[in-house]
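Analysis of the macromolecular model
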Amino acid sequence: ASIISAFIIIYELHKQIKAGRSNSGLTTLPPKSRGVESLIGNTPLIEIKSLSKITGCKIYGKLELCNPAGSAKDRVALAIIRANERLGKIKPNTGDVIFEGTSGSTGISFAVLANALGYEAHICLPDDTSPEKLQLLKALGATIHPVKPASIVDPQQYTNAAREGARKINDDPNDERRAIFADQFENDFNWRIHYNTTGPEIWRQTEGEVDVFINGSGTGGTIAGVSKYLHEQNSDIKVILADPQGSGLANRVNYGVMYDSVEREGTRRRHQVDTLVEGIGLNRLTWNFKQAEQQIDEAIRVTDRQALKMAKYLCINDGLFWGSSAAINCVAAVKTALKYGPGQKIVVIACDSGARHLSKFWKVASDIPNDITMNEILQE
Ligand code: PMP
(Lines give C-alpha, C1' and ligand atoms only; values in the text may rest on other atoms or scores of the structure.)
Protein backbone atom coordinates (compact mmCIF):
# COMPACT_ATOMS: atom_id res chain seq x y z
CA ALA A 1 0.00 0.00 0.00
CA SER A 2 2.85 2.39 0.83
CA ILE A 3 4.39 1.87 -2.64
CA ILE A 4 1.05 2.71 -4.24
CA SER A 5 0.59 5.84 -2.13
CA ALA A 6 4.18 6.96 -2.87
CA PHE A 7 3.40 6.51 -6.57
CA ILE A 8 0.21 8.56 -6.25
CA ILE A 9 2.08 11.37 -4.45
CA ILE A 10 4.78 11.48 -7.14
CA TYR A 11 2.12 11.48 -9.89
CA GLU A 12 0.20 14.34 -8.19
CA LEU A 13 3.40 16.36 -7.70
CA HIS A 14 4.32 15.88 -11.34
CA LYS A 15 0.83 17.04 -12.39
CA GLN A 16 1.06 20.15 -10.20
CA ILE A 17 4.52 21.08 -11.45
CA LYS A 18 3.42 20.63 -15.06
CA ALA A 19 0.27 22.70 -14.55
CA GLY A 20 2.23 25.47 -12.82
CA ARG A 21 4.97 25.71 -15.39
CA SER A 22 2.82 25.60 -18.47
CA ASN A 23 0.48 28.37 -17.33
CA SER A 24 2.86 30.82 -15.75
CA GLY A 25 4.85 32.10 -18.70
CA LEU A 26 7.36 33.42 -16.16
CA THR A 27 8.84 30.04 -15.46
CA THR A 28 8.98 28.69 -19.00
CA LEU A 29 12.59 29.77 -19.35
CA PRO A 30 15.33 27.83 -21.06
CA PRO A 31 17.16 25.62 -18.50
CA LYS A 32 20.40 27.60 -18.65
CA SER A 33 18.64 30.79 -17.51
CA ARG A 34 17.01 29.21 -14.46
CA GLY A 35 18.47 31.60 -11.95
CA VAL A 36 16.60 33.41 -9.21
CA GLU A 37 14.17 34.81 -11.80
CA SER A 38 12.78 31.32 -12.37
CA LEU A 39 11.36 31.39 -8.83
CA ILE A 40 8.98 34.22 -9.67
CA GLY A 41 5.28 33.39 -9.78
CA ASN A 42 3.39 30.22 -8.91
CA THR A 43 2.98 31.54 -5.38
CA PRO A 44 0.95 29.53 -2.85
CA LEU A 45 -2.69 30.17 -1.92
CA ILE A 46 -3.56 29.55 1.72
CA GLU A 47 -6.73 29.73 3.75
CA ILE A 48 -6.87 32.51 6.34
CA LYS A 49 -8.49 30.24 8.87
CA SER A 50 -9.47 32.76 11.55
CA LEU A 51 -11.33 34.88 8.99
CA SER A 52 -13.05 31.86 7.44
CA LYS A 53 -14.18 30.70 10.85
CA ILE A 54 -15.57 34.03 11.98
CA THR A 55 -17.47 34.70 8.72
CA GLY A 56 -18.57 31.24 7.58
CA CYS A 57 -16.93 31.96 4.22
CA LYS A 58 -13.70 30.60 2.80
CA ILE A 59 -11.16 33.42 2.74
CA TYR A 60 -7.87 32.76 0.98
CA GLY A 61 -4.62 34.72 0.73
CA LYS A 62 -2.45 34.60 -2.39
CA LEU A 63 1.08 34.75 -1.00
CA GLU A 64 2.82 37.16 -3.34
CA LEU A 65 5.30 37.74 -0.53
CA CYS A 66 6.75 34.32 -1.46
CA ASN A 67 8.26 35.75 -4.65
CA PRO A 68 12.09 35.79 -4.36
CA ALA A 69 12.40 39.56 -3.86
CA GLY A 70 9.44 39.52 -1.52
CA SER A 71 6.45 40.93 -3.41
CA ALA A 72 4.12 40.75 -6.40
CA LYS A 73 6.36 43.34 -8.05
CA ASP A 74 8.85 40.64 -9.05
CA ARG A 75 6.41 39.58 -11.76
CA VAL A 76 6.10 43.12 -13.11
CA ALA A 77 9.82 43.88 -12.95
CA LEU A 78 10.72 40.69 -14.83
CA ALA A 79 7.99 41.27 -17.42
CA ILE A 80 9.19 44.85 -18.06
CA ILE A 81 12.83 43.74 -18.36
CA ARG A 82 12.01 40.88 -20.75
CA ALA A 83 9.76 43.12 -22.88
CA ASN A 84 12.50 45.75 -23.20
CA GLU A 85 15.02 43.04 -24.10
CA ARG A 86 12.67 41.81 -26.83
CA LEU A 87 12.33 45.39 -28.10
CA GLY A 88 16.14 45.64 -28.21
CA LYS A 89 16.24 48.54 -25.73
CA ILE A 90 18.47 46.82 -23.17
CA LYS A 91 20.72 43.76 -23.17
CA PRO A 92 21.47 41.43 -20.26
CA ASN A 93 25.01 41.24 -18.80
CA THR A 94 26.00 44.63 -20.21
CA GLY A 95 25.40 46.92 -17.22
CA ASP A 96 22.54 48.62 -19.08
CA VAL A 97 20.45 50.69 -16.72
CA ILE A 98 16.93 50.35 -15.38
CA PHE A 99 15.44 53.49 -13.83
CA GLU A 100 12.29 53.36 -11.76
CA GLY A 101 10.47 55.78 -9.51
CA THR A 102 9.04 53.87 -6.60
CA SER A 103 8.48 53.99 -2.87
CA GLY A 104 9.59 50.45 -2.35
CA SER A 105 8.64 47.01 -3.57
CA THR A 106 9.20 47.58 -7.28
CA GLY A 107 12.63 49.04 -6.63
CA ILE A 108 13.60 46.01 -4.57
CA SER A 109 12.43 43.67 -7.36
CA PHE A 110 14.41 45.62 -9.96
CA ALA A 111 17.49 45.68 -7.71
CA VAL A 112 17.43 41.89 -7.30
CA LEU A 113 16.74 41.20 -10.97
CA ALA A 114 19.36 43.71 -12.10
CA ASN A 115 21.95 41.74 -10.12
CA ALA A 116 20.67 38.43 -11.45
CA LEU A 117 20.51 39.50 -15.09
CA GLY A 118 23.48 41.85 -15.40
CA TYR A 119 21.90 45.31 -15.26
CA GLU A 120 22.23 48.38 -13.02
CA ALA A 121 19.20 49.41 -10.98
CA HIS A 122 18.69 53.13 -10.36
CA ILE A 123 15.86 53.90 -8.00
CA CYS A 124 14.32 57.35 -7.46
CA LEU A 125 13.04 57.07 -3.93
CA PRO A 126 11.02 59.54 -1.83
CA ASP A 127 13.18 60.25 1.20
CA ASP A 128 10.39 59.42 3.66
CA THR A 129 10.32 55.78 2.57
CA SER A 130 10.65 53.27 5.44
CA PRO A 131 14.30 52.98 6.52
CA GLU A 132 14.23 49.19 6.11
CA LYS A 133 13.33 49.52 2.43
CA LEU A 134 16.10 52.08 1.92
CA GLN A 135 18.58 49.85 3.74
CA LEU A 136 17.52 46.86 1.69
CA LEU A 137 18.00 48.76 -1.57
CA LYS A 138 21.46 49.84 -0.42
CA ALA A 139 22.34 46.29 0.61
CA LEU A 140 21.25 45.08 -2.82
CA GLY A 141 23.63 47.52 -4.47
CA ALA A 142 21.03 49.69 -6.18
CA THR A 143 21.90 53.31 -6.93
CA ILE A 144 19.47 55.48 -4.98
CA HIS A 145 18.39 58.92 -6.11
CA PRO A 146 16.52 60.56 -3.24
CA VAL A 147 13.58 62.77 -4.15
CA LYS A 148 11.36 64.90 -1.91
CA PRO A 149 8.89 63.04 0.31
CA ALA A 150 5.92 62.07 -1.78
CA SER A 151 2.82 60.97 0.03
CA ILE A 152 0.00 59.60 -2.06
CA VAL A 153 -0.85 63.25 -2.67
CA ASP A 154 1.80 63.74 -5.31
CA PRO A 155 3.76 60.73 -6.47
CA GLN A 156 4.56 62.21 -9.88
CA GLN A 157 7.88 63.64 -8.79
CA TYR A 158 9.65 60.34 -8.39
CA THR A 159 8.45 59.03 -11.73
CA ASN A 160 9.55 62.28 -13.36
CA ALA A 161 13.00 61.97 -11.79
CA ALA A 162 13.31 58.39 -13.10
CA ARG A 163 12.23 59.35 -16.62
CA GLU A 164 14.78 62.17 -16.61
CA GLY A 165 17.55 59.90 -15.29
CA ALA A 166 17.10 57.44 -18.15
CA ARG A 167 16.90 60.22 -20.72
CA LYS A 168 20.20 61.74 -19.54
CA ILE A 169 22.07 58.47 -20.03
CA ASN A 170 20.56 57.87 -23.46
CA ASP A 171 21.35 61.46 -24.55
CA ASP A 172 24.98 61.31 -23.38
CA PRO A 173 27.20 60.46 -26.38
CA ASN A 174 30.02 59.42 -24.01
CA ASP A 175 27.88 56.91 -22.14
CA GLU A 176 27.74 53.54 -23.87
CA ARG A 177 25.06 52.18 -21.60
CA ARG A 178 21.42 52.05 -22.67
CA ALA A 179 18.80 53.04 -20.14
CA ILE A 180 15.08 52.45 -19.77
CA PHE A 181 12.49 54.09 -17.57
CA ALA A 182 10.39 51.17 -16.32
CA ASP A 183 7.29 53.32 -15.73
CA GLN A 184 5.24 50.77 -13.81
CA PHE A 185 2.21 53.07 -13.44
CA GLU A 186 1.68 53.58 -17.17
CA ASN A 187 3.33 50.46 -18.52
CA ASP A 188 0.99 48.05 -20.33
CA PHE A 189 3.20 45.06 -19.47
CA ASN A 190 2.31 45.58 -15.80
CA TRP A 191 -1.37 44.52 -15.87
CA ARG A 192 -0.68 42.01 -18.66
CA ILE A 193 1.71 39.94 -16.55
CA HIS A 194 -0.98 39.62 -13.86
CA TYR A 195 -3.48 38.70 -16.58
CA ASN A 196 -1.06 36.06 -17.87
CA THR A 197 0.12 34.64 -14.55
CA THR A 198 -1.49 35.78 -11.26
CA GLY A 199 -5.06 35.51 -12.61
CA PRO A 200 -4.65 31.99 -14.07
CA GLU A 201 -2.89 30.83 -10.90
CA ILE A 202 -5.81 31.98 -8.72
CA TRP A 203 -8.32 30.35 -11.07
CA ARG A 204 -6.40 27.09 -10.99
CA GLN A 205 -5.70 27.13 -7.25
CA THR A 206 -9.38 27.68 -6.41
CA GLU A 207 -10.39 25.12 -9.07
CA GLY A 208 -12.56 27.81 -10.61
CA GLU A 209 -14.50 28.28 -7.40
CA VAL A 210 -13.92 31.90 -6.59
CA ASP A 211 -16.79 34.29 -5.89
CA VAL A 212 -14.95 37.45 -4.88
CA PHE A 213 -11.50 38.90 -5.59
CA ILE A 214 -10.28 41.76 -3.39
CA ASN A 215 -7.21 43.95 -3.77
CA GLY A 216 -5.96 47.48 -3.33
CA SER A 217 -4.51 49.53 -6.14
CA GLY A 218 -1.08 51.12 -6.31
CA THR A 219 -0.39 51.15 -10.01
CA GLY A 220 -3.60 49.14 -10.51
CA GLY A 221 -1.71 46.45 -12.42
CA THR A 222 -2.61 43.55 -10.14
CA ILE A 223 -6.32 44.26 -9.79
CA ALA A 224 -6.61 44.99 -13.53
CA GLY A 225 -4.84 41.89 -14.76
CA VAL A 226 -6.32 39.44 -12.27
CA SER A 227 -9.89 40.68 -12.60
CA LYS A 228 -9.79 40.78 -16.41
CA TYR A 229 -8.66 37.16 -16.45
CA LEU A 230 -11.15 36.02 -13.81
CA HIS A 231 -14.07 37.78 -15.53
CA GLU A 232 -13.22 36.03 -18.78
CA GLN A 233 -13.63 32.72 -16.96
CA ASN A 234 -16.75 33.74 -15.02
CA SER A 235 -18.36 37.15 -15.41
CA ASP A 236 -20.25 36.74 -12.10
CA ILE A 237 -17.08 37.02 -10.00
CA LYS A 238 -17.23 40.15 -7.85
CA VAL A 239 -14.17 42.39 -7.80
CA ILE A 240 -13.73 44.71 -4.84
CA LEU A 241 -11.21 47.51 -4.46
CA ALA A 242 -9.86 47.95 -0.93
CA ASP A 243 -8.73 51.55 -0.56
CA PRO A 244 -6.84 53.27 2.27
CA GLN A 245 -7.78 56.59 3.88
CA GLY A 246 -6.59 59.57 1.86
CA SER A 247 -6.94 57.82 -1.50
CA GLY A 248 -9.38 59.06 -4.11
CA LEU A 249 -9.87 55.75 -5.90
CA ALA A 250 -12.75 54.48 -3.72
CA ASN A 251 -14.90 57.52 -4.47
CA ARG A 252 -13.95 57.29 -8.12
CA VAL A 253 -15.25 53.70 -8.21
CA ASN A 254 -18.36 54.25 -6.07
CA TYR A 255 -19.44 57.72 -7.20
CA GLY A 256 -17.46 58.46 -10.36
CA VAL A 257 -15.65 61.38 -8.72
CA MET A 258 -12.30 61.59 -7.02
CA TYR A 259 -13.41 63.55 -3.94
CA ASP A 260 -9.96 63.20 -2.46
CA SER A 261 -8.31 64.36 -5.63
CA VAL A 262 -5.69 67.07 -5.43
CA GLU A 263 -7.31 68.51 -8.55
CA ARG A 264 -10.80 69.35 -7.32
CA GLU A 265 -13.01 71.88 -9.02
CA GLY A 266 -9.94 73.34 -10.67
CA THR A 267 -8.14 74.08 -7.41
CA ARG A 268 -5.19 72.22 -5.98
CA ARG A 269 -5.78 70.96 -2.47
CA ARG A 270 -3.68 69.00 -0.06
CA HIS A 271 -5.24 66.11 1.74
CA GLN A 272 -6.10 66.41 5.36
CA VAL A 273 -5.61 62.68 5.69
CA ASP A 274 -2.62 60.60 4.75
CA THR A 275 -2.06 56.95 5.48
CA LEU A 276 0.48 54.69 7.15
CA VAL A 277 -0.27 52.12 4.47
CA GLU A 278 2.39 51.86 1.80
CA GLY A 279 2.02 50.73 -1.78
CA ILE A 280 -1.67 51.40 -2.42
CA GLY A 281 -3.99 54.37 -2.75
CA LEU A 282 -3.71 57.13 -5.31
CA ASN A 283 -5.24 60.40 -6.36
CA ARG A 284 -4.68 60.25 -10.06
CA LEU A 285 -5.77 57.82 -12.71
CA THR A 286 -3.02 55.63 -14.09
CA TRP A 287 -3.15 53.60 -17.27
CA ASN A 288 -3.10 50.41 -15.25
CA PHE A 289 -5.96 51.50 -12.99
CA LYS A 290 -7.98 52.52 -16.05
CA GLN A 291 -7.68 48.92 -17.24
CA ALA A 292 -9.28 47.85 -13.95
CA GLU A 293 -12.08 50.36 -13.57
CA GLN A 294 -14.75 48.54 -15.54
CA GLN A 295 -13.97 45.29 -13.77
CA ILE A 296 -14.47 46.67 -10.24
CA ASP A 297 -17.94 46.27 -8.73
CA GLU A 298 -17.43 48.21 -5.56
CA ALA A 299 -14.78 49.92 -3.42
CA ILE A 300 -14.45 49.62 0.34
CA ARG A 301 -12.57 52.30 2.26
CA VAL A 302 -10.52 51.04 5.15
CA THR A 303 -9.11 53.25 7.90
CA ASP A 304 -5.55 52.93 9.15
CA ARG A 305 -6.88 51.89 12.59
CA GLN A 306 -8.80 49.01 11.04
CA ALA A 307 -5.79 47.91 9.01
CA LEU A 308 -3.44 48.09 12.00
CA LYS A 309 -5.79 46.02 14.17
CA MET A 310 -6.36 43.48 11.40
CA ALA A 311 -2.60 43.08 10.86
CA LYS A 312 -2.17 42.26 14.56
CA TYR A 313 -5.21 39.94 14.52
CA LEU A 314 -3.82 37.88 11.62
CA CYS A 315 -0.40 37.77 13.21
CA ILE A 316 -1.70 36.48 16.56
CA ASN A 317 -4.52 34.22 15.34
CA ASP A 318 -3.02 32.76 12.15
CA GLY A 319 0.74 33.30 12.36
CA LEU A 320 0.51 35.55 9.30
CA PHE A 321 2.88 38.51 9.59
CA TRP A 322 1.78 40.63 6.68
CA GLY A 323 2.25 44.10 5.26
CA SER A 324 -0.22 46.96 5.42
CA SER A 325 -1.88 46.45 2.03
CA ALA A 326 -2.59 42.78 2.84
CA ALA A 327 -4.21 43.88 6.11
CA ILE A 328 -6.45 46.36 4.26
CA ASN A 329 -7.54 43.62 1.88
CA CYS A 330 -8.48 41.41 4.83
CA VAL A 331 -10.65 44.12 6.44
CA ALA A 332 -12.47 44.46 3.11
CA ALA A 333 -12.76 40.66 2.89
CA VAL A 334 -14.47 40.36 6.28
CA LYS A 335 -16.85 43.24 5.46
CA THR A 336 -17.69 41.60 2.14
CA ALA A 337 -18.19 38.19 3.74
CA LEU A 338 -20.59 39.68 6.31
CA LYS A 339 -22.47 41.55 3.57
CA TYR A 340 -22.94 38.63 1.16
CA GLY A 341 -23.35 35.92 3.83
CA PRO A 342 -21.69 32.56 4.50
CA GLY A 343 -20.41 30.22 1.81
CA GLN A 344 -18.57 32.79 -0.37
CA LYS A 345 -15.08 31.98 -1.59
CA ILE A 346 -13.00 35.11 -1.32
CA VAL A 347 -9.40 35.62 -2.50
CA VAL A 348 -7.18 38.49 -1.36
CA ILE A 349 -3.59 39.29 -2.28
CA ALA A 350 -0.92 39.30 0.41
CA CYS A 351 1.49 41.54 -1.46
CA ASP A 352 4.36 41.67 1.02
CA SER A 353 5.54 40.76 4.51
CA GLY A 354 5.32 42.75 7.72
CA ALA A 355 9.13 42.84 7.76
CA ARG A 356 8.99 45.53 5.05
CA HIS A 357 6.91 47.74 7.36
CA LEU A 358 8.56 47.35 10.77
CA SER A 359 9.48 50.97 11.34
CA LYS A 360 6.26 52.58 10.14
CA PHE A 361 3.03 50.54 10.00
CA TRP A 362 4.17 47.73 12.30
CA LYS A 363 5.71 50.15 14.78
CA VAL A 364 2.14 51.20 15.58
CA ALA A 365 0.53 47.78 15.01
CA SER A 366 2.90 46.15 17.51
CA ASP A 367 1.23 48.06 20.38
CA ILE A 368 -2.23 46.71 19.59
CA PRO A 369 -3.21 44.17 22.27
CA ASN A 370 -2.90 40.51 21.36
CA ASP A 371 -6.54 39.87 22.29
CA ILE A 372 -7.95 42.34 19.74
CA THR A 373 -11.37 41.14 18.56
CA MET A 374 -13.08 41.30 15.17
CA ASN A 375 -15.77 43.59 16.63
CA GLU A 376 -13.07 46.02 17.70
CA ILE A 377 -11.57 45.91 14.20
CA LEU A 378 -14.86 46.57 12.43
CA GLN A 379 -16.28 49.22 14.77
CA GLU A 380 -13.79 51.96 13.74
N1 PMP B 1 0.84 46.27 -1.86
C2 PMP B 1 2.10 46.69 -1.84
C3 PMP B 1 2.89 46.51 -0.58
C4 PMP B 1 2.67 47.29 -2.96
O5 PMP B 1 3.94 47.71 -2.93
C6 PMP B 1 1.87 47.45 -4.12
C7 PMP B 1 2.47 48.06 -5.34
N8 PMP B 1 2.77 49.41 -5.24
C9 PMP B 1 0.54 47.03 -4.09
C10 PMP B 1 0.06 46.42 -2.96
C11 PMP B 1 -0.39 47.25 -5.25
O12 PMP B 1 -0.08 46.62 -6.43
P13 PMP B 1 -0.38 47.28 -7.83
O14 PMP B 1 0.70 48.26 -8.12
O15 PMP B 1 -0.36 46.14 -8.79
O16 PMP B 1 -1.72 47.94 -7.78
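Details of the structure are given in the entry above.
Figured I'd write up the structure that's included with this text. (Residues numbered from 1 in each chain as written. Predicted model: local features only at pLDDT ≥ 70, side-chain atom pairs only at ≥ 80, totals over all residues.)

**Thoughts on the site of the ligand**
- As a structural note, the neighbourhood of the ligand is formed by 18 residues, with Gly218, Thr222, Gly279, Ser325 and Cys351 the closest of them.
- Here the shell around the ligand takes 3 residues from helix H8 (residues 221-233), the largest share from any one element. (Near = placed C-beta within 6 Å. Helix = DSSP H or I, 4+ residues; strand = E, 2+ residues; numbered from the N terminus.)

**Concerning the sheet that holds strand E3 (residues 97-101)**
- Taken together, 4 strands build an open sheet; the order of strands is E5-E4-E3-E6 and the sheet is parallel. Each end of this open sheet is capped by a strand with a single partner; those strands are strand E5 (143-147) and strand E6 (179-181). Taking the axes of each pair of neighbouring strands and ignoring which way they run, one obtains an average angle of 20° across the sheet.
- Pairing geometry for strand E4 (residues 120-126) and E5, over 5 bridges, is parallel. Bridge pairing links leucine 125 to proline 146 in E5.
- Across the sheet, helix H4 (residues 105-117) touches E3 and E4, and the angle it forms with E4 is around 165°. (Pairing = 2+ DSSP bridges. Axes fitted to C-alpha atoms, helices over the stretch in contact; angles between N-to-C directions. Contact = placed C-beta atoms within 7 Å.)

**Some remarks on the pairing of strand E8 (residues 238-244)**
- A large share of E8 lies buried, amounting to 6 of its 7 residues.
- Of the strand pairs in this sheet, strand E7 (residues 212-215) and E8 are connected by 4 bridges, and their pairing is parallel. Opposite asparagine 215, over in E8, you have leucine 241 as the bridge partner.
- Remark: the E7/H8/E8 crossover connection has right-handed handedness.
- Examined bridge by bridge, E8 and strand E11 (residues 298-302) share 5 bridges and lie parallel to one another. Bridge pairing in E11 places proline 244 opposite valine 302. (Buried ≥ 20, exposed ≤ 12 C-beta atoms within 10 Å, placed from the backbone. Right-handed = clockwise from strand over helix to strand, strands pointing away.)

**What to know about the pairing of strand E12 (residues 345-350)**
- Among the 6 residues that make up E12, 5 are buried, leaving the element largely enclosed by the rest of the structure.
- The sheet contact formed by strand E2 (residues 58-63) and E12 spans 6 bridges and is parallel. Among the inter-strand pairings, isoleucine 59 is bridged to a residue of E12, identified as isoleucine 346.
- Of the pairings in the sheet, the one linking E7 to E12 comprises 3 bridges and is parallel in character. Bridge pairing links phenylalanine 213 to valine 347 in E12.

**What to know about the sheet that holds E12**
- Taken in spatial order, the 6 strands line up as E1-E2-E12-E7-E8-E11 in an open sheet, and their pairing is mixed. Here the strands that pair on one side only, and so sit at the sheet edges, are strand E1 (45-47) and E11. Recorded for the sheet is a direction-independent mean angle of 25° between the axes of neighbouring strands.

**Digging into the environment of alanine 333**
- Positionally, alanine 333 belongs in helix H12 (residues 324-340).
- Taking the number of C-beta atoms within 10 Å as the measure of exposure, alanine 333 has 28 and is therefore buried.
- When the C-alpha positions of alanine 333 and lysine 228 are compared, they lie 20 Å apart, and in sequence the two are 105 residues distant.
- With sequence-adjacent residues up to four places away left out, alanine 333 is seen in contact with Leu51, Ile59, Ile214, Ile346 and Val348.

**Topic: the packing of helix H7 (residues 188-205) against H8**
- Two numbers describe how H7 lies on H8: the axes approach to 7 Å, and their chain directions differ by 50°. Between H7 and H8, the angle falls in the class oblique. In this structure, the crossing between H7 and H8 has a hand that is right-handed. Packed against H7, whose contacting residues are Asn190, Trp191, Arg192, Ile193, His194, Tyr195, Thr198, Gly199, Pro200, Ile202 and Trp203, the element H8 presents Gly221, Thr222, Ala224, Gly225, Val226, Lys228, Tyr229, Leu230 and Gln233 at the interface.
- A per-class count over the contact of H7 with H8 returns 10 nonpolar, 8 polar and 2 charged. (Parallel < 35°, antiparallel > 145°, perpendicular 65-115°, else oblique. Left-handed = near helix turned anticlockwise from the far one by under 90°. Nonpolar A, V, L, I, M, F, W, Y, C, P; charged D, E, K, R; others polar.)

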